[in-house]
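Understanding the architecture of this molecule
Residues per chain, in single letters:
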Amino acid sequence: MSKPLSHPEEPSFHSSIQENLKQLSAQLGSPLDELSVMEIYQNACDLLSHLSPSPLTLARVAGTLLVYRIQDTELEEFNWFSTQMKQCLDEEEVEELIESIHRTDAL
C-alpha cells in the first residue's frame, strides 16, 4: 500500500474525502464501514500515484470507485478503468476519462 498523496495546502482533505465517501455510500443505500471507505480512498490514491492531482480530481476518482463497489460492477470493467487511469498523463486526461464513463451517448 502506498502513502496517501500529499497536499500541503490542504492537510485535512484526506479525511474529508473519506468522510464524504462514507456519507455518500449511506445516501446511496449501501453504507460502508471505515475499512471499506479507507480501501476505496487508498485505491484512488494508488491509481493517481503517478500524478499530482487536485483534491477534487482525487475525490472524483474515489467517488467513481465507490459507485463501482456499490453497483457491484464486473471485475473486467473495474480493471479497464484502473488500466485507463494509470495511463493518464495528466489531471485533464483523468477528468476526461471520468466524464466519458458517465456519458450516456454511444460512440
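So, a few notes on the structure that sits alongside this text. Treat the numbers as computed from the prediction; the structure is a model and nothing was measured.

Turning our attention to the layout of surface pockets. When its volume is computed, the largest pocket comes out at roughly 170 Å³. Lining of the largest pocket is provided by I40, N43, L65, Y68, R69, D72, T73, E74, L75 and F78. For the lining of the largest pocket, the secondary structure elements donating two or more residues are α2 (34-47), α3 (55-70) and α4 (75-87). With 3 residues, α3 is the largest single contributor of residues to the lining of the largest pocket. Tallied by class, residues from the lining of the largest pocket come to 5 nonpolar, 2 polar and 3 charged.

Turning to the pattern of salt bridges, a few remarks are in order. Under the criterion given, the structure shown has 4 salt bridges. With a shortest N-O distance of 2.6 Å, K22 and E34 are connected by a salt bridge. Taken together, the positions of K22 in helix α1 (residues 13-27) and E34 in helix α2 put the pair 12 residues apart, joining distant regions of the chain. Judged by its relative accessible area of 29%, K22 falls in the partly exposed class. Where R60 meets E99, a salt bridge forms, and the shortest distance between an N and an O atom there is 2.6 Å. Separated by 39 residues along the polypeptide, R60 in helix α3 and E99 in helix α5 (residues 91-102) bring together distant segments of the chain. By relative accessible area, R60 is classed as partly exposed at 26%.

Criteria and thresholds
Residues numbered from 1 in each chain as written. Predicted model: local features only at pLDDT ≥ 70, side-chain atom pairs only at ≥ 80, totals over all residues. Heavy atoms only, no water. 1 Å grid on protein atoms, 1.4 Å probe; cavity = no way out; pocket = protein on both sides within 12 Å on 5 of 7 lines; lining within 4 Å. Points joined across faces, edges and corners; volume = space filled by probe spheres on them. Helix = DSSP H or I, 4+ residues; strand = E, 2+ residues; numbered from the N terminus. Nonpolar A, V, L, I, M, F, W, Y, C, P; charged D, E, K, R; others polar. Salt bridge = Lys/Arg side-chain N within 4 Å of Asp/Glu carboxyl O. Buried < 20%, exposed > 50% of the residue type's maximum accessible area, 1.4 Å probe, protein only.

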